[in-house]
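Each chain, letter by letter, is given below.
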Amino acid sequence: MITSLGPLRQTRRPLSVITAAALVAATLAGACGADGTPGRSEAPLATPLASAFTGPSAPPPTSGGWVCLGGPCPSDASAVTPVPAGPPTPTAGPETANVEGYRAITLPRTGVRTVPLVPKFMFHRLDSDGPLVVLDESGGCRYTREDGTVRSATTTACRSILLVDLQAGTFSTLQRAPEGWITWLPAISGRRVAWLEYHMEGPLDTGPLDWRVLLADLDAGTTRVVDSGVQRDVPPGATYGASWPELDLDGDRLAYAIEDPAHGSDGWKIVVRSVSTGAVEREVATELPVYDLALDGPDVAWSEGRIDPDIGFTYDTRLMVSMAARPGPRKVADHAYEVDFDAGRLAWGQDTPVTVTGAAQHTRIWTATVPDFEPEPASPIPQQGIERYQAWPQTGSGFVTWESYRFSEADISLNADMLCFWNPADGHAYEVNPTRGADLTSSDGGWFVWTDLRLETPTVSGIPISELLP
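Not measured: the values here are computed from a predicted model.

Participant: I'd like a description of the sheet that holds strand β25 (residues 387-396), backed by residues and values.
Facilitator: Two orientations exist for strands paired in a sheet by backbone hydrogen bonds: parallel and antiparallel. The strand order β1-β28-β27-β26-β25 describes an open sheet built from 5 strands, whose pairing is mixed. The open sheet has two edge strands with one neighbour each: β1 (103-106) and β25. Between one strand axis and the next, the sheet turns by 30° as a mean value, whatever way the strands run. The pairing of β25 with strand β26 (residues 399-406) spans 7 bridges and is classified as antiparallel. Bridged to Thr395 within β26 is Val400.

In structure tokens:
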């Protein structure tokens, strides 16, 4: 189950704080079976699956054989560096901040919609629009353990994009990738869903990476390949493979970032394409490889930077924007990792690397708006009380949401992730109770959405924002 992640990355890409939601493993191998061949496809969407997969509650999963790069696995309390317990947390209300700096909001007794998934289901990313939620299946992928041994994948693992309908209480599989290909980075906008499929040409996540961007039309019941290619930037003798593209979807526009040798050995380009016509509306050249990408109409935001995995994932990434009315790339902030962009508001996680590995440990969520993009903190300073960091920022409906990880030696029942959000109406940060286990969150389309990964059968939950904040 896992980002945000810290995201699950290939070894040559930057890593920020890593959480249980991100399936943060060492190396996700690209071979889940026999090789598939990229190509255009028009296929009906699968019949919705019954969502009544229930299972007994279980203790939070531990990191097990997964290698948590750049930091401990937060879901495994034994792996987390202990921090002193803070003072007793006072009862916090809408006008009173607790010791972590959050005001508290309690979910109503009724109104929360919850859909259980398959027992032990694992995923990497989440995106939502209203009550519709998309997830990329990541459980059972081939990966490398800390001791160097490899766990094999099943032929069905890592190949599906799931669509959850919180209003209807169901979920379905949109389409499975061919054997040997992995589905990744789902994005939803209205009744369209986009995602990436990739395949590593070499064994154990090495060599060039074949990729294709797919788009599903939920009303027409079809999928098609929008673009495809090969990422080839792998230094001679490297034990890791090329990086996958990044993508995002907003309305009729799809953006994706790919290598572009025309802009130098490290240069990539961001392609903004019309979904309805297929025409490329604009391209943005980047100086460095793209780490994360967000699209808002014709405008794009991204984080970019170099790393050197051979000396412990040392990296330095920066947040950039390019507006259609002002195309030249503009730097917004340094040390920025995951980013989201909606209705003129940016949100991102930021932290200056201070460890020997150069990995973010105390990430804080920031926000800014067009046209000036002046950064302001959306979240309190981390490391107050039992909060260790914040991660997986998302913005939608004017709000900014994130996962806040809490760890206490004194009371391990408090050790979990929580749904938190910044409210534009008053500029305050709130924690939503009870939402422990909320590794991935969203607020797009007028709904707060979150996951609970502590259960044997993980769940996706949501509530209309108007029912939580009348």
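Now that the structure has been shown, the text picks up again.
Participant: Now, about the packing of aromatic side chains: what can you tell me, with residues and values included?
Facilitator: For the structure shown, the criterion picks out 12 aromatic pairs. Geometrically, the ring pair formed by Trp184 and Trp244 is edge-to-face, given 5.3 Å between the ring centres and 70° between the ring planes. Remark: Trp244 occurs in the loop between β12 (222-231) and β13 (246-250) and Trp184 occurs in strand β9 (residues 182-189); sequence separation between them is 60 residues. With respect to burial, Trp184 and Trp244 carry one shared label: buried. With 5.3 Å between their ring centres and 15° between their planes, Phe421 and Tyr430 make a pair best called stacked. The same class applies to Phe421 as to Tyr430, namely buried. These aromatic residues form a ring-pair network of at least three members: Phe399, Phe421, Tyr430 and Phe448.

Participant: Summarise unusual backbone geometry; cite the residues concerned and give the values.
Facilitator: For the bond running from Val370 to Pro371, omega is 0°, close enough to zero to count as cis. The topology assignment puts Pro371 in the loop between β23 (364-369) and β24 (376-377). Unlike most non-glycine residues, Lys120 shows phi in positive territory, near 65°. By the secondary structure assignment, Lys120 is in the loop between β2 (113-116) and β3 (123-129). At Trp392, a position not held by glycine, the phi torsion is positive, near 55°.

What counts, and where the lines are drawn
- Residues numbered from 1 in each chain as written.
- Predicted model: local features only at pLDDT ≥ 70, side-chain atom pairs only at ≥ 80, totals over all residues.
- Heavy atoms only, no water.
- Pairing = 2+ DSSP bridges.
- Helix = DSSP H or I, 4+ residues; strand = E, 2+ residues; numbered from the N terminus.
- Axes fitted to C-alpha atoms, helices over the stretch in contact; angles between N-to-C directions.
- Phe/Tyr/Trp six-rings, centres within 6.5 Å; stacked < 30°, edge-to-face > 60°.
- Buried < 20%, exposed > 50% of the residue type's maximum accessible area, 1.4 Å probe, protein only.

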